[in-house]
Amino acid sequence: MGIKGLMPFLSDSAPSCVKETKMEAMTGRVIAIDASMCLYQFLVAVRQGASQSNLANEAGEVTSHIQGFLSRTVRLLECGIRPVYVFDGKPPELKRETLREREERKQEADGELAAAMESGDADAIKKASHRTVRATPQMNADVQELLRLLGVPVVLAPCEAEASCAALCKAGKVYATATEDMDALTFGTPKMLKNLFDTESSRTAQKRPVFELTLSRVLEQLDVSMATFIDFCILCGCDYCGTIRGIGPATAFKLLKLHGSLEAAVATIDANKLPPEEQWQISEARALFSSPPQVDPSQVDLKWTSPDVAGLKSFLIDRHSFNEGRVTKVVERLSACRAAGSQSRLESFFTAKAPKTLPASEKFNPFAKRAAGSPATKRAREIGGGSNTGKAKVQRKQLS
DNA sequence: ACTCTGACTCAAGACGAA
DNA sequence: TTGAGTCAGAGT
DNA sequence: TTCGTCC
């Protein structure tokens, strides 16, 4: 999902759009989150034992997603962040073929999983089970109920969650969209946060900083209109169109600058390199990005209320077999952060800086030669901040 | 010579006791 | 599955 | 930091 290769390209070609920050810097802010994506991630990641099964209640129903949403949401609230979870609605027609193929592959994986279980091959079980993950309507309902009990607002998007997040952000209802999916920018989110949940608790050897991306800076430094940016994303490869062999972000950008429009750029490409007709609906993809079905922000009333403690306990302990002591601790953490009150932001005491315009010399020139000694890949990596000289390197597995 | 792409590989959440 | 990191080789 | 546990 997302736009192929967009993040490295922006880090390198439009570095002024990327700001390094921390979750703590978001105190007091309203953040939109793609709930469907979180749900999927929790199902994939929250697993246990050799069989790599999900957590489950006494009735055998999966609870990994409940565990995941609970701890993540409490963490956000403790940080003074006011989350808004946005759920996917009906997928767009253009995605139907992709989704159908995905479902087919999952069914194949179901078979592989069964076979692996039979043979007891733990490694095969692990691999297959990660490919069979499906978010069910029941799971979506579970999470929505949990969030209501926590007093956190839920938004049901008519279509793609990212599109509605963007609408809320444009309308000023939320400060930013927190997502890993770069097409949030293509949908027009003025600000997006990447790696917001990539904390020290993650098992990955290196934790990455949170990146705050500003759409207006993307457009300014790339020196393109939003319409051209959308075309650029389509040419790079997005969820709604195929990709073209040999065309990555760098080439896509040059082609657009040279020829002016997506159609003109595409016309210069060898026709049999293009994806098949049904996967190359340029104008439909463009329409989906520029005016997707989305919530009407004026009809969305965001409220954060105190949790329904009794309801929460019943839901977690009675219904889903959570440990009573742990739930009590969660409730305490929740009341503690409500007692701390609505933390205000330090920045609000200062006058907002006038957005400085980027000097022409700073604008990205796709045709300029790169400075020797600082290859693109290297610089993109270094955006991540200080060098961790003392850190242990990734351990390499020995061949057996 | 220098980029850029694409193929390959690995891990995937959050928490807290030790 | 996806994304990120890495690298060899294609393409200019 | 690492590693087992959450349900």
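Residues numbered from 1 in each chain as written. Chains lettered and ligands numbered in written order. Predicted model: local features only at pLDDT ≥ 70, side-chain atom pairs only at ≥ 80, totals over all residues. Heavy atoms only, no water.

With that settled, the discussion passes to the pattern of salt bridges. One pass over the structure, following the stated rule, counts 16 salt bridges. With a closest N to O distance of 2.8 Å, Glu 78 and Arg 333 form a salt bridge. With Glu 78 in helix α3 (residues 64–78) and Arg 333 in helix α15 (residues 324–339), this pair connects stretches of sequence that are 255 residues apart. With a relative accessible area of 35%, Glu 78 lands in the partly exposed category. You can call Arg 333 partly exposed: its relative accessible area is 33%. Residues Asp 231 and Arg 286 are paired through a salt bridge, measuring 2.8 Å at the closest nitrogen-oxygen approach. Here Asp 231, found in helix α10 (residues 226–236), pairs with Arg 286, found in helix α13 (residues 282–290); they are 55 residues apart in sequence, far enough to count as distant. A relative accessible area of 23% means that Arg 286 is categorised as partly exposed. Several salt bridges converge on common partners, so that one network encompasses Lys 95, Glu 160 and Asp 239. (Salt bridge = Lys/Arg side-chain N within 4 Å of Asp/Glu carboxyl O. Helix = DSSP H or I, 4+ residues; strand = E, 2+ residues; numbered from the N terminus. Buried < 20%, exposed > 50% of the residue type's maximum accessible area, 1.4 Å probe, protein only.)

Geometry of an aromatic ring pair is reported as the spacing of the ring centres plus the angle between the planes. Following the criterion strictly, the structure yields 10 aromatic pairs and no others. Ring plane angle 45° and centroid distance 5.8 Å describe the contact between Phe 9 and Phe 253, whose orientation is recorded as tilted. With Phe 9 in helix α1 (residues 6–13) and Phe 253 in helix α11 (residues 249–259), this pair connects stretches of sequence that are 244 residues apart. Per residue, the accessibility class of Phe 9 equals that of Phe 253, and both read buried. (Phe/Tyr/Trp six-rings, centres within 6.5 Å; stacked < 30°, edge-to-face > 60°.)

The next subject is the UniProt feature "domain: XPG N-terminal" (unreviewed entry) in chain A. The positions UniProt marks with the feature "domain: XPG N-terminal" (unreviewed entry) are residues 1–109. In this annotation, residues 1–109 is assigned 44% helix and 17% strand; the end-to-end C-alpha distance for the span is 20 Å. (UniProt positions renumbered as here; feature names shortened; annotations may be inferred.)

All right, on to the sheet that holds strand β7 (residues 176–178) then. The sheet built from seven strands is open, its strands ordered β1-β9-β8-β7-β2-β5-β6 with mixed pairing. The two strands at the open ends of the sheet, each matched to only one other strand, are β1 (18–21) and β6 (154–156). For this sheet, the mean angle separating the axes of adjacent strands, direction not counted, is 30°. Where strand β5 (residues 82–87) lies against β6, three bridges are found, and the strand directions are parallel. When the bridges of β6 are listed, Tyr 85 appears paired with Val 154. (Pairing = 2+ DSSP bridges. Axes fitted to C-alpha atoms, helices over the stretch in contact; angles between N-to-C directions.)

Let us look at unusual backbone geometry. With the exception of glycine, the majority of residues adopt a negative phi angle, and the majority of peptide bonds are in the trans configuration. In the Ramachandran plot, Gln 52 falls in the positive-phi region, its phi being about 55° despite a non-glycine side chain. Structurally, the position occupied by Gln 52 is in the loop between β3 (47–48) and β4 (53–54).

Burial in helix α9 (residues 215–222) covers these residues: Leu 215, Val 218, Leu 219, Gln 221 and Leu 222. Taken together, the buried residues of α9 touch α1, α8 (183–186), β9 (210–214), α10 and α11. Backbone geometry just after α9 places Asp 223 at a positive phi near 60°. (Contact = heavy atoms within 4.5 Å.)

What follows concerns α15. An ideal rise of 1.5 Å per residue puts 22 Å on 16 residues; α15 measures up with 22 Å between its terminal C-alpha atoms. Along α15, the positions that sit buried rather than exposed are Val 327, Val 330, Val 331, Leu 334 and Cys 337. Viewed end-on, α15 has its buried residues packed into an arc of 130°, placing them on one side of the element. Residues Lys 329 and Ala 339 are exposed on α15 and point more than 90 degrees away from its buried face. Structurally, α15 contributes buried residues whose contacts are with α3, α6 (137–150) and α14 (309–319). (Expected span 1.5 Å × (residues − 1). Arc of directions from axis to C-beta.)

A few words on the environment of Ser 71. Considering the arrangement of structural elements, one finds Ser 71 in helix α3. Measuring from C-alpha to C-alpha, the distance between Ser 71 and Val 309 comes to 16 Å, with 238 residues separating the pair along the chain.

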